[in-house]
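# Breakdown of the fold
Listed below, chain by chain, are the residues.
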Number of protein chains: 2
Amino acid sequence: MDLYFSPLAWSMATRIALYEAGAEAGYIYANTRTKRLPDGADFFAISPLGMVPVLRTDEGELLTENAAILQYVADRFPKAELVPADGIGRARLQQWLCFIGTELHKAVFIPLLDSKAPAEAKAYAAEKAPARLGYLDKYLTGREFLLDAFSVADAYLYTVLNWSRVTALDLTQWPALKAYLSKLHQRPSIAKAVGEEGALYAEQQARNKAA
Amino acid sequence: MDLYFSPLAWSMATRIALYEAGAEAGYIYANTRTKRLPDGADFFAISPLGMVPVLRTDEGELLTENAAILQYVADRFPKAELVPADGIGRARLQQWLCFIGTELHKAVFIPLLDSKAPAEAKAYAAEKAPARLGYLDKYLTGREFLLDAFSVADAYLYTVLNWSRVTALDLTQWPALKAYLSKLHQRPSIAKAVGEEGALYAEQQARNKAA
């Protein structure tokens, strides 16, 4: 199994899930600016929109989209218990994956982080943040995880909210969210993923600056 | 089982799935402008962000988010075969649900349809459309459905693309997409849902105009 990733990008959620599962996996750096792989190959041949994550399964299938890849990894390594086993629990997991993907990742964070987004598009995205983050903050008050135990939804939410540091979003107004992130940051799988990808991200930034 | 819906909104995908399954269900009109239910109750008590769809299960659980609700309905009525049974097929279904929800629904259609979105946010969303719709068009060339048979992903994609009629997006440049939509439009579950919700939508517009 190979994960095509970009440092600290949304693909980090899958790295966290793979670390949680103790899975053997390859990690292939995809340059999402040049759309090239380390061997010079065209990343568009792997990912139709040139986006990470992409997972190549052991059977050679290429799978895209966070919600699909995270559930695939969780189902492939059931002992890690990264998704609830029962029906309504699985539905709740899908609810959170969809909420994080649509309401936070795409509606708020992509415009805020995109250097090419016009100021008005950023302002439009920023306006949506308080209702969504306020709802999450209220929900997470008194909870350690989104569901009863750590799941791939937490790996995804951590990865998305981790980017708030480089936006104008000030999480201190949502104390339960801040506490949730701080606690997850100590979790071994997350600390390892953030440490490794943080170093790769710094190298990438240095290379971009030099170029 | 009750579906909280707004006419022609994204909740129509679930209505289509319920019609496909021949399911007994209640349909509760949620006014997403006034955030009120028909009995005057506050819709925020049902939906934390005031958005449709929400599904109330027979056990009284409230479920939000399209990808979660559509899979819940499909799993609840397995005879309708609205999702693939095997592992990788289910992963592909989740891939499409996530793609439709994040790349089309949230990234493109919401800003294009939102009367409060600034022109620059609409332009930013419109710029994303050709790559995404072009990819879909290429994929759908020679195919009738997103997967081997009709699935809840088709119900969702139809519902989202149906809105292109009231945007500046001209689907004629993507002939496979247009053919896909025309064919689905003839499908009994979809024709019934569009007919009923279209009538309710017209009534709603007339009421809003009168108010």
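Report on the accompanying structure.

Procedures and definitions
- Residues numbered from 1 in each chain as written.
- Chains lettered and ligands numbered in written order.
- Predicted model: local features only at pLDDT ≥ 70, side-chain atom pairs only at ≥ 80, totals over all residues.
- Heavy atoms only, no water.
- Pairing = 2+ DSSP bridges.
- Helix = DSSP H or I, 4+ residues; strand = E, 2+ residues; numbered from the N terminus.
- Right-handed = clockwise from strand over helix to strand, strands pointing away.
- Contact = heavy atoms within 4.5 Å.
- Buried area = accessible area lost by both parts, 1.4 Å probe.
- Salt bridge = Lys/Arg side-chain N within 4 Å of Asp/Glu carboxyl O.
- Polar contact = N/O pair within 3.5 Å; in protein donor to acceptor, adjacent residues only side chain to side chain.
- Nonpolar A, V, L, I, M, F, W, Y, C, P; charged D, E, K, R; others polar.
- Buried < 20%, exposed > 50% of the residue type's maximum accessible area, 1.4 Å probe, protein only.

## Quick word on the pairing of strand β2 (residues 26-29) of chain B
Residues and elements named next belong to chain B. Relative to β2, strand β1 (residues 2-5) runs parallel, the two sharing four bridges. From the neighbouring strand, Asp-2 faces β2, where its bridge partner is Gly-26. Taking the sense of rotation as the criterion, the β-α-β connection linking β1, helix α1 (residues 12-21) and β2 turns out right-handed.

## Observations regarding the interface of chain B and chain A
Facing 37 residues of chain B, the contacting portion of chain A comprises 37 residues. Interface area for chain B against chain A, summed over the two sides, is near 3,100 Å², with a carbon-plus-sulfur share of 65%. Considering only the surface of chain B that becomes buried against chain A, Leu-49, Glu-65 and Tyr-124 of chain B emerge as the three largest contributors, covering 19% of it. Summed over the shared surface of chain B and chain A, the result is four salt bridges. Counting across the chain B and chain A interface gives 12 residue pairs in polar contact (both at pLDDT 80 or more). Among the secondary structure elements, those contributing two or more residues to the side of chain B that touches chain A are β4 (62-64), α2 (66-76), α3 (87-113) and α4 (119-140) of chain B. Here the side of chain B that touches chain A takes 14 residues from α3 of chain B, the largest share from any one element. Broken down by class, the residue content of the side of chain B that touches chain A amounts to 20 nonpolar, seven polar and 10 charged.

## Description of α2 of chain B
The buried count for α2 of chain B comes to nine of 11 residues, which makes it a mostly enclosed element. Of all the positions in α2 of chain B, only Asn-66, Ala-67, Ala-68, Ile-69, Leu-70, Gln-71, Tyr-72, Val-73 and Ala-74 of chain B are classed as buried. Against α3 (87-113) of chain A together with α1, β3 (54-56), β4, α3 and α5 (152-161) of chain B lie the buried residues of α2 of chain B.

## A short note on the pattern of salt bridges
Counted by the stated rule, this structure contains 20 salt bridges over all chains. The salt bridge involving Arg-90 of chain B is made with Asp-75 of chain B; its shortest N-O contact spans 2.8 Å. With Arg-90 of chain B in helix α3 and Asp-75 of chain B in helix α2, the pair connects residues that are 15 residues apart, well separated along the chain. Overall, Arg-90 of chain B belongs to the buried group, its relative accessible area being 18%. With a shortest N-O distance of 2.9 Å, Glu-196 of chain B and Lys-192 of chain B are connected by a salt bridge. With Glu-196 of chain B and Lys-192 of chain B both in helix α7 (residues 188-210) and four residues apart, the pair spans about one turn of that helix. Its relative accessible area of 30% is what places Glu-196 of chain B among the partly exposed residues. For Lys-192 of chain B, a relative accessible area of 42% translates into the label partly exposed. A single network of salt bridges, built from pairs that share partners, joins Arg-15, Lys-192, Glu-196 and Glu-197 of chain A.

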